[in-house]
Amino acid sequence: MGTATLVVNAVAGMLLAVLLARAIRFILALWTARRFIMRMRKLEKPMPPFNPILGHLLAGKTASEELPPGAHSMHILNRMTAKYGSTGAYYLDMFPVMTPILTVSDPHMANQVMNHPFSSAEKPPALIDWFLPITGGPNLFTQNGDAWRHDHNLFMPFFSNSNLDAAFPFVVEQMAIYRDKLRALSKSGELFSLEPLTLALMNDIIGRLVFNAQLGAQATAHPLSDTMIRQLNLKFVANGVVSNLGRLNPVKLFQFWNNGCILDTHIRAQINNRVAAYRSAKIDDEQASFKSILDIALETYYSQAGRRATDEVDADYLKMLCAQLRMFFFAGYDSTAATMVYCCYTIWKHPEVLAKLRAEHDAVFGRNVAAAMDMIADDPALLNSLPYTNAVIKETLRLFPAAAGIRQGCRDLVLKDEAGNEYPTESCGIQISHLSIQRNPKLWVRPLEFVPERFLVEPGHELYPLKGAWGPFGHGLRLCTGQALVTKEVKAFLVLLSREFNVKECYDEVDGDRKIDLTNVDNEKVYQVEAGAAHPRDKFPCRVSLSGYVSP
Ligand code: HEM
């Protein structure tokens, strides 16, 4: 037998072994999923109609078809909650799209999860697959136990109040570029999409916060931002569920891998830049008041005993950093940009809210909008004196939560609803359905109305929110680490823009004769779609004009 034949046989044998291992893994996972769900069926637990071969995939498909195009999976879960989750929880087996979950839409049961010593902090293995195209490896969202604790402690100093405040001169500088773009658009009066502009703004801000880099994405597309967006587009196929099976397509798998390599190349370039800067800063004994996430990680690395500034970063640390920085880059811009756009929608849709918001900004910053920019840069703590603005952001996130939380169940966590029905969680993930909880008429007065005052009234008032019912940043130990940062950023965004401009959404103009049935998304034309976090559909078409409320 010739060498070539031997090589071909060896490669074919290896491929066969890999395929066989994958097939066995698939069958085992399928068997585990079905066995658990069959047991729950026997116990007559709430769930959609079950198909022995397809599990609940058909029910998921039906729910997604009852929604308008591209509706986010949170809407799909919400739709299924309306059909099957009247007791506050139902089981779902969408294998192979995901492993079985218990979807919880009741804050009492969500609290039981968040108070459990194991499940409150444990993320399910299925999340690793979800994040893999975005991060390429373990990250704070997916890690558990000591690995999570170690990396969490490594990055947390970035989120200290003083470090975040030190970033604000740069944050408002980027918002000034965004404001200038809106000024130009207000002159032309043209129809445009607000979302790409806002994503570019947040790309530039997060580039600085994560890498201490000036990406300049508001001026010209940056390859890091472009590749992340390409990767997200690939991941979030419109109308999910069955088309999600496209994940098994080898062409798509190659594209994921290739985008991942490009992301890693750019992230490594940022790491190399900062290693060089770190070394020269060490030599010059330079002290920067603001430290990026990457700078903090490098400082910790080089401060370890026996390590010299001239040493290379070792391969394991580099791998860990790449995945965590990819995660922070994504988490830091995507959902914040979506929330900023939704705030634009909510405040300009409600003139009475806008009037109160502007009055609060006048009281704290005076009527000179240009001065507000310098005031925030000099003293970001002023942003803490804006209770109404804070309530507007909270109310926007109540109606349009950008993300959701998930936990791993376990044998000794059996949830109980108020009627005493039990929900075992062993062998399944627990998905907290924020959208269903935050729009539930049993939990909220005037649930679909935009009422920021509900976050300002005292306990005992009918509007006062029920404990645990508001949770767009999740709950407990695994709460979003970016919450304080997001709140500051969105407050600054509103202070700098809400008085100068009027923004008018133009969905009717764009939709034209296209009839969209909005019945199952609470008749909300700006319903959320899959695009990373949950984003406003069709990138928020609008026109902007100068308000005349203040002089620019
Ligand atoms: C509007 C913006 C944002 C929203 C709505 C949001 C929401 C969330 C949610 C729902 C979770 C899961 C919480 C849970 O499982 O209980 C989460 C986790 C996380 N978020 Fe955010 N997030 C936002 C912005 C950010 C930003 C700006 C950063 C960082 C720059 C960030 C970093 C993280 C991290 C690292 C985690 C994982 C925490 C852990 O498990 O240790 N997020 N976020």
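Note that the coordinates shown come from a computational prediction; the quantities given were computed from them, not determined experimentally.

About the criteria used
Residues numbered from 1 in each chain as written. Predicted model: local features only at pLDDT ≥ 70, side-chain atom pairs only at ≥ 80, totals over all residues. Heavy atoms only, no water. Helix = DSSP H or I, 4+ residues; strand = E, 2+ residues; numbered from the N terminus. Rg over C-alpha atoms; globule rule 2.2 N^0.38 Å. Buried < 20%, exposed > 50% of the residue type's maximum accessible area, 1.4 Å probe, protein only. Contact = heavy atoms within 4.5 Å. Areas by Shrake-Rupley, 256 points an atom, 1.4 Å probe, with all protein chains shown as cover. Lys, Arg positive; Asp, Glu negative; His and termini not counted. Charge placed at Lys NZ, Arg CZ, Asp CG, Glu CD. Donors = N, O, S within 2.8 Å, 3.2 Å for Na, K, Ca; no water. Salt bridge = Lys/Arg side-chain N within 4 Å of Asp/Glu carboxyl O. Polar contact = N/O pair within 3.5 Å; in protein donor to acceptor, adjacent residues only side chain to side chain. Pairing = 2+ DSSP bridges. Axes fitted to C-alpha atoms, helices over the stretch in contact; angles between N-to-C directions. Near = heavy atom within 4 Å. Nonpolar A, V, L, I, M, F, W, Y, C, P; charged D, E, K, R; others polar. Parallel < 35°, antiparallel > 145°, perpendicular 65-115°, else oblique. Arc of directions from axis to C-beta. pLDDT = per-residue confidence, 0-100.

Student: Would you take a moment to explain the overall build of the chain for this structure?
Tutor: Summing up its helical and strand segments, the chain has 19 helices and 11 strands in all. At 25 Å, the chain has a C-alpha radius of gyration in line with the 24 Å of a compact globule built from 552 residues. Once the C-alpha set of the chain is aligned to its principal axes, its extents read approximately 80 × 60 × 50 Å. Taken over 552 residues, the chain has a buried fraction of 54%. For the chain, the share of sequence-separated contacts (at least 6 apart) that also reach a separation of at least 24 residues comes to 75%. Working note: accessible area of the chain is about 24600 Å², and carbon and sulfur atoms make up 58% of it. Each charge sign in the chain was given a centre, from 56 positive and 55 negative side chains, and these centres are 5 Å apart.

Student: Teacher, can you tell me more about the coordination of the iron atom of the ligand here?
Tutor: Around a metal, the idealised angle for a tetrahedral arrangement of four donor atoms is 109.5 degrees; for an octahedral arrangement of six donor atoms it is 90 or 180 degrees. Inspection of the coordination sphere of the iron atom of the ligand shows a single protein donor, Cys-480 (SG), at 2.3 Å. By secondary structure assignment, the location of Cys-480 is in the loop between helix H17 (434-438) and helix H18 (483-497).

Student: I keep staring at the side chain of Glu-530 and nothing clicks. Help me out?
Tutor: Here Glu-530 shows up in strand S9 (residues 528-531). Notably, Glu-530 is buried but unbridged: the nearest opposite-charge side chain belongs to Lys-235, and the N-O separation is 7.8 Å. One polar contact links Glu-530 to His-72, side chain to side chain, over a distance of 3.4 Å. The residues touching Glu-530, leaving out its near neighbours within four places in the chain, are Gly-70, Ala-71, His-72, Ser-73 and Phe-236.

Student: What should I look at first to understand the pairing of strand S10 (residues 533-536) in this one?
Tutor: The side chains of a regular strand alternate, residue by residue, between the two faces of the sheet. By the bridge criterion, four bridges tie S9 to S10 in an arrangement that is antiparallel. If you follow Val-529 over to S10, its bridge partner there is His-535. Connecting the antiparallel pair S9 and S10 is a turn made up of one residue, with Gly-532 showing a positive phi of about 110°.

Student: Sorry if this is basic, but what is going on with the sheet that holds strand S1 (residues 89-92) here?
Tutor: Note on sheets: strands pair through backbone hydrogen bonds, and any given pair is parallel or antiparallel. Strand order in the open sheet made by the four strands is S1-S2-S7-S4, with mixed pairing throughout. Each edge of the open sheet is held by one strand with a lone partner, namely S1 and strand S4 (405-408). Pairs of neighbouring strands in the sheet enclose a mean axial angle of 25°, with direction left out of account. Sitting on the sheet, helix H3 (residues 73-84) touches S1, strand S2 (101-104) and strand S7 (429-432), and the angle it makes with S1 is about 115°.

Student: Before we go on, may I ask you to explain the site of the ligand in this structure?
Tutor: Neighbouring residues of the ligand: 27 residues in total, closest Phe-141, Trp-148, Arg-407, Arg-478 and Cys-480. Contacts to the ligand include Leu-140, whose backbone N or O atom sits 3.3 Å from an oxygen atom. Partitioned by chemical class, the residues of the shell around the ligand number 15 nonpolar, nine polar and three charged.

Student: Even after reading the chapter, I still don't get the side chain of Arg-274, so can you show me in this structure?
Tutor: Structurally, the position occupied by Arg-274 is in helix H11 (residues 250-284). Among the polar contacts listed, one links the side chain of Arg-274 to the side chain of Asp-295, at a separation of 2.8 Å. Setting aside chain neighbours within four positions, we find Arg-274 in contact with Phe-211, Asn-212, Leu-294, Asp-295 and Leu-298.

Student: Would you mind showing me how to read the environment of Lys-525 here?
Tutor: Locating Lys-525 in the fold gives a position in the loop between helix H19 (507-511) and S9. Taking the C-alpha atoms as reference, Lys-525 lies 33 Å from Asn-249; in sequence the two are 276 residues apart. Dropping the residues within four chain positions of it, Lys-525 is found in contact with Tyr-345, Glu-505, Tyr-507, Asp-508, Leu-518 and Arg-537.

Student: What is the right way to look at the pairing of S4 in this model?
Tutor: Residues Gly-405 and Arg-407 line one face of S4 and the alternating positions Ile-406 and Gln-408 line the opposite face, and both faces are buried. Judged from the four bridges that link them, S4 and S7 form a sheet pairing that is antiparallel. Bridge pairing in S7 links Gln-408 to Gly-429.

Student: I'm lost on the packing of helix H13 (residues 315-349) against helix H16 (residues 387-399) in this one. Help?
Tutor: Between two packed helices, both the angle of their axes relative to each other and the distance between the axes serve to describe the pair. Relative to each other, H13 and H16 sit at 105°, their axes nearing to 10 Å. Taken together, H13 and H16 sit at an angle that is classed as roughly perpendicular. Across from Thr-339, Tyr-342, Cys-343, Thr-346 and Ile-347 in H13, the residues of H16 making contact are Val-392, Ile-393, Thr-396 and Leu-397. Residues belonging to the contact of H13 with H16 are distributed by class as follows: six nonpolar, three polar and no charged.

Student: Looking at this structure, how should I read helix H2 (residues 57-65)?
Tutor: Given 3.6 residues per helical turn, the α-helix brings residues three or four places apart onto the same face. Looking at H2, one finds that the buried residues are Leu-57, Ala-59, Gly-60, Ala-63 and Ser-64. Within H2, the buried residues cover an arc of 160° as seen down the axis, which keeps them to one side.

Student: I tried to follow the confidence of the model for the chain on my own but got confused; where do I start?
Tutor: Low pLDDT means the predicted coordinates in that region are not meant to be read closely. When pLDDT is averaged along the chain, the result is 93; 96% of the residues meet or exceed 70. Note on residues 238-242: pLDDT is under 50 here. Beyond four places in sequence and across chains, it has 14 contacts.

Student: Looking at this structure, how should I read the environment of Lys-187?
Tutor: Residue placement: Lys-187 occurs in helix H8 (residues 168-188). Sequence separation between Lys-187 and Ser-545 is 358 residues; the distance between their C-alpha atoms is 7.3 Å.

Student: Quick question: what am I supposed to make of the sheet that holds strand S3 (residues 192-193) here?
Tutor: Spatially, three strands are ordered S3-S11-S8 in an open sheet, and the strand pairing comes out antiparallel. With one partner strand each, in any of the chains shown, S3 and strand S8 (501-505) form the two edges of the open sheet. Both S8 and strand S11 (residues 541-546) contribute to a ladder of five bridges, which runs antiparallel. Bridge pairing in S11 places Glu-505 opposite Cys-542. Seen against the sheet, H8 touches S3, S8 and S11 and runs at an angle of roughly 90° to S11.

Student: Which parts of the structure should I look at to understand the environment of Tyr-423?
Tutor: Structurally, Tyr-423 can be placed in strand S6 (residues 422-424). Look at Tyr-423 and you get buried, because its relative accessible area is 1%. Separated by 277 residues in the primary sequence, Tyr-423 and Asp-146 have C-alpha atoms spaced 29 Å apart. Not counting residues within four places of it along the chain, the set of residues in contact with Tyr-423 comprises Pro-46, Thr-87, Ala-89, Tyr-91, Leu-102, Met-109, Leu-413, Val-414, Leu-415 and Asp-417. Side chain to side chain, Tyr-423 and Thr-87 meet in a polar contact 2.6 Å long.

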